[in-house]
Protein chains: 2
Amino acid sequence: MAELIPILDEQAAESLYGQLYRFFREEILSGRIVAGTKLPSVRHLCRSAGVSKSTVETAYQQLLAEGYLESRARSGFYVVEAVDFAGWDVLPAEGEAEVVTPPVAAVAPRYNFHGSVIDLASFPLGVWKKCMLEAMERYQGDLAFYGDKLGEYELRAEIARYLRQARTVQAVPEQVVVGTGLLQAVGSLCLLLAADVKKVAIEEPGYADVREVFEQHGMEVVPVPLEEDGLSVQLLRESGAQMVYVTPAHQYPYGMIMPIAKRMQLLEWARSTGGLILENDYDGEFRYKVKPVPSLQGLDQHGSVIYVSNFSKALSPAIRVNYMVLPLKVMERYRAFYQQYANPVSRIEQRALQLFLQNGHWERHIRKMRKVYERKQAALLQAVEEEFGDLVSVLAQAAGLHLILEVKAERSGEELAAIAVAAGVKVYPTTRNWIGAAKPAWPRLLLGFGGLSPEEIREGIQLLRHAWFPDER
Amino acid sequence: MAELIPILDEQAAESLYGQLYRFFREEILSGRIVAGTKLPSVRHLCRSAGVSKSTVETAYQQLLAEGYLESRARSGFYVVEAVDFAGWDVLPAEGEAEVVTPPVAAVAPRYNFHGSVIDLASFPLGVWKKCMLEAMERYQGDLAFYGDKLGEYELRAEIARYLRQARTVQAVPEQVVVGTGLLQAVGSLCLLLAADVKKVAIEEPGYADVREVFEQHGMEVVPVPLEEDGLSVQLLRESGAQMVYVTPAHQYPYGMIMPIAKRMQLLEWARSTGGLILENDYDGEFRYKVKPVPSLQGLDQHGSVIYVSNFSKALSPAIRVNYMVLPLKVMERYRAFYQQYANPVSRIEQRALQLFLQNGHWERHIRKMRKVYERKQAALLQAVEEEFGDLVSVLAQAAGLHLILEVKAERSGEELAAIAVAAGVKVYPTTRNWIGAAKPAWPRLLLGFGGLSPEEIREGIQLLRHAWFPDER
DNA sequence: ATGGATTTGTCCGTATGTATG
DNA sequence: TCATACATACGGACAAATCCA
């Protein structure tokens, strides 16, 4: 064996054994030391390199652990034979490369009428902090292990209680499943029901994101046109779908509330065909003027309705908690199927939410937010009326955190949105919520008002009017 | 209605009304009391059960509040008609019996050697609280809206930095995806890659939960037997799989480290077949004696390795954060495919974790935990040696939070586990991690030591020895 | 072939400067 | 601030493998 003395730098930041380890690893990987070679003995090397025995030993042990060397007891360390190392580039140097440069934020529009932004000023930060702290204190034992796969029982009990009382949902804690989002929940149902549900009906227009989830899971998606009062049950019948996705509380995007008669027809469809109804209680909490309508699930007598909802609008979209209420037959399958998955929601956050509900903050908060959003909606309605008058008509006023503006202009929704952006206002075309071509005579745009103050709303609408109808007035 | 008199135990720890509540709840959920049944009147029941009126009343009120009963004024309490309770299992579905649903406390084994429990006493609760509070303060603006779909950028940057430095992973923040768990990540990859990956190879024995996820997504799963140093690349080649799932840092469950030669063979397989490698860096942080070994992904030069790991062992399984590092070609597909999904992890918790990493707590914590678990492992090894001597041999010592005990007994792993449970000790057979029949000559059981103190470990092992080998000594 | 000298990996107690809490 | 713990480095003790007279 020729000379093979690594040059070590006592001054270097890297430890001596680290330098030694790296030297030999690179010699081996580059093929300069061929397989089968006996490395210098510990004692020999420590003398020639001028370091202690254990320094060499530590380096050799590491190479041994990683499989570069094998040790023959009291004989020596040998480079493993198993593979030809020649030609492998040396590993990238460890350590720091670049500084963290957060990606350049796109120029945020001054007035963003997004439908999912909430009113931050009303978020009960203090209370939420308290709940989090108490959760960490009271339930610190939870941190050691996975929790209930369906969600912490006490949280599910609180959700069930709330749903029974406020949303007329029939629910016991055992039916409730807690998850991280509506789309995730729909995805999990797709996988669960894939064997039985090949064809799923959705509202046309409807929630495009949900449609994509169905499609990604290989389901055939049938658009069922909306009538005045929700989707056409007649056409649903003809579709041959095994499941239908509906938003009876507040149709997305058009905002109609499904009347009781149509709800009964829908349930009758389910009963007679054995079909499943996936009820998204979208914006159910925020209903203005009109009386609450019982949830579809609450009217159901045959366990055909899967009820889904979330805390994104009423609490925060950043908190990532949704819930499902499953009928018995689906629940049994769900439990068996998702047996191996830990619940995806942080246990502490579940506990915080549980405390938030248990202490009555939730109901208080909902009541408060109803007022807040009612005022914002009023501001938006008034601004729209004042600025646009007959140039637009307004849909989806009964509930929710957005309106639909039907604009009497010879332009597409996309064009109008682009014009708006140029003026610093972001509004949202609804065309992607159609599977077929959008049919309304005039373009319709979605304007969410949750994240803007009444003043911002008024200013935004003024800008919008000047951008869209510069000549009027 | 026939006699229905619960037997109450005045001496029990549980309150009388609690026992009553639980009794009826279980009767209803199990279907032994059918929907619509009138329960015995308060007065009647309090006489027959020998308790006071208010005890019964409290129990009924609780059941009422939770939706099991409805009260008809001046008539009585009835089991609700709406939900068909028949067939609801009171106990959680098969699987983790140690997950306690509060109303029905399962008998927790005194010494639970579960592989995923962490050392709670070492959890940095104070620091974590501080991070959470600061996150809520500093990033309260995040609460108004959804975050980055891949995870908050600064968190991904911190994860990338850590992985580069400590795990020799080649990672920039743009490749990192944050999620709620390893299985969820694998599931999302299945959906994403379904078109290209029909057949996936896994280690035999391997991680059964992961196998089930693959199967649920319709992939054909090919078990590839383990050799001394990890799965057989020869047989992998012959399998025709388009993807392989491996745990090179610490094979689950047997604990071997994949040596460099086999890593290169594996990468060569990927290069020559265009296959993908899914590297789960399982327990990579907890290596005893030598430093952690570099990742497989770090050796890859062709973007064939998907790297996945999580914070469950090293921080807490209750916190639900995992991460993936995707090769660029996969990353592009991922972004396009999951475009509509909000990131499932709570933004505040992401921020807290980000601060935890940024302030160096993470590296500190890892170093600390390595010591803690090293001590526990030593205690377990010593106890096993003292109690069992040659009656067992020990595998998987190099790393991780568990050992494998090969028990020289003419019984199956399941039998041994059952005997252990009867003695108050829970250990885990490994047979379900095999697809084919388990081949080892002797039964092998998994003993996790993360959640037990050295004393508990010793006591548990003593009990185990007496239960398994009562005649020896 | 052999026995003793030497070399070798392995184990272990210790010293020291640095980082940690 | 200070005590402690830790990573790193050092060298002695031991026993097995190897070498060689």
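What counts and how
- Residues numbered from 1 in each chain as written.
- Chains lettered and ligands numbered in written order.
- Predicted model: local features only at pLDDT ≥ 70, side-chain atom pairs only at ≥ 80, totals over all residues.
- Heavy atoms only, no water.
- Axes fitted to C-alpha atoms, helices over the stretch in contact; angles between N-to-C directions.
- Helix = DSSP H or I, 4+ residues; strand = E, 2+ residues; numbered from the N terminus.
- Parallel < 35°, antiparallel > 145°, perpendicular 65-115°, else oblique.
- Left-handed = near helix turned anticlockwise from the far one by under 90°.
- Contact = heavy atoms within 4.5 Å.
- Nonpolar A, V, L, I, M, F, W, Y, C, P; charged D, E, K, R; others polar.
- Near = heavy atom within 4 Å.
- Polar contact = N/O pair within 3.5 Å; in protein donor to acceptor, adjacent residues only side chain to side chain.
- Buried < 20%, exposed > 50% of the residue type's maximum accessible area, 1.4 Å probe, protein only.
- Pairing = 2+ DSSP bridges.
- Right-handed = clockwise from strand over helix to strand, strands pointing away.
- Phe/Tyr/Trp six-rings, centres within 6.5 Å; stacked < 30°, edge-to-face > 60°.
- Lys NZ or Arg CZ within 6 Å of the ring centre and 35° of its normal.
- Disulfide = S-S within 2.5 Å.
- Expected span 1.5 Å × (residues − 1).
- Lys, Arg positive; Asp, Glu negative; His and termini not counted.
- Salt bridge = Lys/Arg side-chain N within 4 Å of Asp/Glu carboxyl O.

Caption draft 1: Highlighting the packing of helix α5 (residues 153-167) of chain A against helix α12 (residues 347-358) of chain A. Residues and elements named next belong to chain A. The geometry of α5 relative to α12 is characterised by a closest axis approach of 9 Å and an angle of 40 degrees between their N-to-C directions. With respect to each other, α5 and α12 are oriented oblique. Judged by the twist between their axes, the crossing of α5 over α12 is left-handed. Between α5 and α12, the residues in contact are Glu 154, Leu 155, Glu 158, Ile 159 and Arg 161 and Gln 350, Arg 351, Leu 353, Gln 354, Leu 357 and Gln 358, respectively. Per-class residue counts for the contact of α5 with α12 are four nonpolar, three polar and four charged.

Caption draft 2: Focus on the protein's contact with DNA strand D. All names here are of chain A. Around DNA strand D lies a shell of 14 residues, among which Leu 16, Ser 52, Lys 53, Ser 54 and Thr 55 are the nearest. Counting only atoms of DNA strand D within 4 Å of the protein, the sugar-phosphate share comes to 60%. With respect to DNA strand D, the backbone of Ser 52 contributes an N or O atom lying 2.7 Å from a phosphate oxygen. Within the side chain of Ser 54, an N or O atom sits 3.4 Å from a base nitrogen of DNA strand D. The class makeup of the residues in the surface near DNA strand D is four nonpolar, five polar and five charged.

Caption draft 3: Representation of the pairing of strand β9 (residues 276-280) of chain B in the model. Residues and elements named next belong to chain B. Of all five residues making up β9, five are buried, and the element is well covered by its neighbours. Where strand β8 (residues 243-246) meets β9, four bridges bridge the pair, whose relative direction is parallel. Opposite Tyr 245, over in β9, you have Leu 278 as the bridge partner. Each parallel crossover has a hand, and the one from β8 via helix α9 (residues 260-273) to β9 is right-handed. The pairing of β9 with strand β10 (residues 305-310) spans four bridges and is parallel. Within the sheet, the bridge partner assigned to Leu 278 lies in β10 and is Ile 306.

Caption draft 4: Quick look at the pairing of strand β13 (residues 402-407) of chain B. Residue and element names in this part refer to chain B. The element β13 is largely enclosed, with a buried count of six among its six residues. Sheet analysis places strand β12 (residues 392-395) next to β13, joined by four bridges and oriented antiparallel. Note that in β13 the partner of Val 394 across the bridge is Leu 405. Remark: six residues form the turn of the hairpin made by β12 and β13, two consecutive strands paired antiparallel; Ala 396 in that turn has positive phi of roughly 65 degrees. Bridging between β13 and strand β16 (residues 444-448) involves five bridges; their strand directions are antiparallel. The partner of Ile 404 across the bridge, within β16, is Leu 446.

Caption draft 5: Representation of the protein's contact with DNA strand C in the model. Within the structure, DNA strand C sits among 14 residues, and Val 42, Arg 43, Lys 53 and Arg 74 of chain A together with Arg 364 of chain B are positioned closest to it. The separation between a base oxygen of DNA strand C and a polar side-chain atom of Lys 53 of chain A is 2.7 Å. Backbone polar atom of Phe 77 of chain A to a phosphate oxygen of DNA strand C: 3.5 Å apart, as the coordinates give it. Contributing elements (two or more residues each) for the surface near DNA strand C: α2 (42-49), α3 (53-65), β1 (69-72) and β2 (76-79) of chain A together with α12 (361-388) of chain B. Counted by class, the surface near DNA strand C contains two nonpolar, five polar and seven charged residues.

Caption draft 6: Molecular detail of the packing of aromatic side chains. On inspection of all chains with the given rule, the structure shows 36 aromatic pairs over all chains. With a centroid separation of 6.0 Å and an interplanar angle of 45 degrees, the aromatic rings of Phe 388 of chain A and Trp 468 of chain A are classed as tilted. Within this pair, whereas Phe 388 of chain A is found in helix α13 (residues 361-388), its partner Trp 468 of chain A is found in helix α15 (residues 454-468), the two being separated by 80 residues in sequence. In terms of burial, Phe 388 of chain A and Trp 468 of chain A fall into one category: buried. A connected cluster of aromatic rings, assembled from ring pairs, spans Phe 23, Phe 24, Tyr 60 and Phe 77 of chain A. Directly above the ring of Tyr 78 of chain A sits Arg 72 of chain A, whose terminal nitrogen or CZ lies 3.6 Å from the centroid. Here the basic side chain of Arg 110 of chain B rests over the ring of Tyr 111 of chain B, its NZ or CZ set 4.5 Å away from the ring centre.

Caption draft 7: Inspection of the sheet that holds strand β4 (residues 176-179) of chain A at higher detail. All names here are of chain A. Spatially, eight strands are ordered β4-β11-β10-β9-β8-β5-β6-β7 in an open sheet, and the strand pairing comes out mixed. Edge positions in the sheet fall to β4 and β7 (230-231), since each has one partner strand and no second. Across the face of the sheet, helix α9 (residues 260-273) comes into contact with β6 (220-227), β7, β8 (243-246), β9 (276-280) and β10 (305-310) while running at roughly 140 degrees to β9.

Caption draft 8: Looking closely at the sheet that holds β9 of chain B. Residues and elements named next belong to chain B. With mixed pairing, eight strands are arranged side by side in an open sheet as β4-β11-β10-β9-β8-β5-β6-β7. Of all the strands in the sheet, the pair left with one neighbour each is β4 (176-179) and β7 (230-231). Relative to β7, strand β6 (residues 220-227) is paired through two bridges, and the arrangement is antiparallel. Note that in β7 the partner of Leu 226 across the bridge is Leu 231. Contacting β4, β10 and β11 (322-325), helix α5 (residues 153-167) runs over the sheet at an angle of about 110 degrees to β4.

Caption draft 9: Highlighting the state of the cysteines. In the structure shown here, the tally under the stated rule is zero disulfides over all chains. Summary of cysteine pairing: Cys 131 of chain A is not part of a disulfide, and the nearest cysteine sulfur, belonging to Cys 131 of chain B, is at 20 Å.

Caption draft 10: Seen up close, the environment of Gln 234 of chain A. Looking at the element boundaries, Gln 234 of chain A is found in helix α8 (residues 233-239). Gln 234 of chain A sits 214 residues away from Gly 448 of chain A along the chain, and the two C-alpha atoms are 32 Å apart.

Caption draft 11: Here's a closer look at α5 of chain B. Residues and elements named next belong to chain B. An ideal rise of 1.5 Å per residue puts 21 Å on 15 residues; α5 measures up with 20 Å between its terminal C-alpha atoms. Counting buried positions along α5 gives twelve out of 15 residues, so the element sits mostly inside the fold. Residues Tyr 153, Leu 155, Arg 156, Ala 157, Glu 158, Ile 159, Ala 160, Arg 161, Tyr 162, Leu 163, Arg 164 and Arg 167 constitute the buried set of α5. The inward-facing, buried residues of α5 contact β4, β10, β11, α11 (347-358) and α12. Where α5 ends, the next residue or the one after it, Thr 168, has phi of about 50 degrees, a positive value.

Caption draft 12: Layout of the side chain of Glu 203 of chain B. Residues and elements named next belong to chain B. By secondary structure assignment, the location of Glu 203 is in strand β5 (residues 199-204). Lys 262 provides the closest opposite charge to the buried, unpaired Glu 203, separated from it by 9.5 Å. Only 3.0 Å separates the side chain of Glu 203 from the side chain of Thr 247, close enough to count as a polar contact. A polar side-chain atom of Glu 203 sits 3.3 Å from a polar atom in the side chain of Gln 251. Glu 203 has contacts with Val 224, Leu 226, Leu 231, Tyr 245, Val 246, Thr 247, Gln 251 and Tyr 252, leaving out every residue within four places of it along the chain.

Caption draft 13: Here's a closer look at the pattern of salt bridges. Under the definition given, this model contains 54 salt bridges over all chains. Here Asp 196 of chain B and Arg 333 of chain B are joined by a salt bridge, their closest N and O atoms 2.5 Å apart. With Asp 196 of chain B in the loop between α6 (182-193) and β5 and Arg 333 of chain B in helix α10 (residues 328-337), the pair connects residues that are 137 residues apart, well separated along the chain. The class for Arg 333 of chain B is partly exposed, based on a relative accessible area of 33%. Salt bridges sharing common partners tie together Asp 142, Glu 152, Glu 154, Arg 347 and Arg 351 of chain A.

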